[in-house]
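For reference, the chains in residue letters:
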Amino acid sequence: MHGITTSAAEVTNVSKHGFWLLLGDEELLLPFDQFPWFKQATVEQLTTVEWPTPDHLYWPQLDVDLSVSSIRRPQDFPLVSQH
């Protein structure tokens, strides 16, 4: 195990183009065109996010798991699911 994340993940802004996620001192943009699973989500669904390990995020209300690496470098993780 790599350690336990003590900070919570926090959604700081939502727009029609995507949303911003604060992980510790790093803020990441998740554009809906690259992360289509979130496009129809409610604010409550987006903001209910768990950060169980440094490279794993989980949205339980949407049943979506993402690697933090896939947000930082989406070009390294081609979109597999068509939504």
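See the structure printed just above.
All of the points below concern the structure found in this document.

## Digging into the packing of aromatic side chains
Inspection of the entire model under this criterion finds five aromatic pairs. Geometrically, the ring pair formed by Phe-19 and Phe-38 is edge-to-face, given 5.2 Å between the ring centres and 75° between the ring planes. Here Phe-19 is found in strand β2 (residues 18-23), whereas its partner Phe-38 is found in the loop between β3 (26-31) and α1 (43-47), with 19 residues between them in sequence. Across the pair, Phe-38 and Phe-19 agree in class, each one buried. Considering the side-chain rings of Phe-35 and Trp-37, the 6.2 Å spacing of their centres and the 55° angle between planes classify their relative orientation as tilted. Linked through ring pairs, Phe-19, Phe-32, Phe-38 and Trp-59 together constitute an aromatic cluster.

## Things to note about the pairing of strand β6 (residues 64-67)
Because side chains alternate across β6, one face comprises the buried residues Val-64 and Leu-66, and the other comprises Asp-65 and Ser-67, none of which is buried. Across four bridges, the pairing between strand β5 (residues 56-59) and β6 is antiparallel. From the neighbouring strand, Leu-57 faces β6, where its bridge partner is Leu-66. What sits between the antiparallel neighbours β5 and β6 is a turn of four residues, in which Asp-63 has the positive phi angle 55°.

About the cut-offs
- Residues numbered from 1 in each chain as written.
- Predicted model: local features only at pLDDT ≥ 70, side-chain atom pairs only at ≥ 80, totals over all residues.
- Heavy atoms only, no water.
- Phe/Tyr/Trp six-rings, centres within 6.5 Å; stacked < 30°, edge-to-face > 60°.
- Helix = DSSP H or I, 4+ residues; strand = E, 2+ residues; numbered from the N terminus.
- Buried < 20%, exposed > 50% of the residue type's maximum accessible area, 1.4 Å probe, protein only.
- Pairing = 2+ DSSP bridges.

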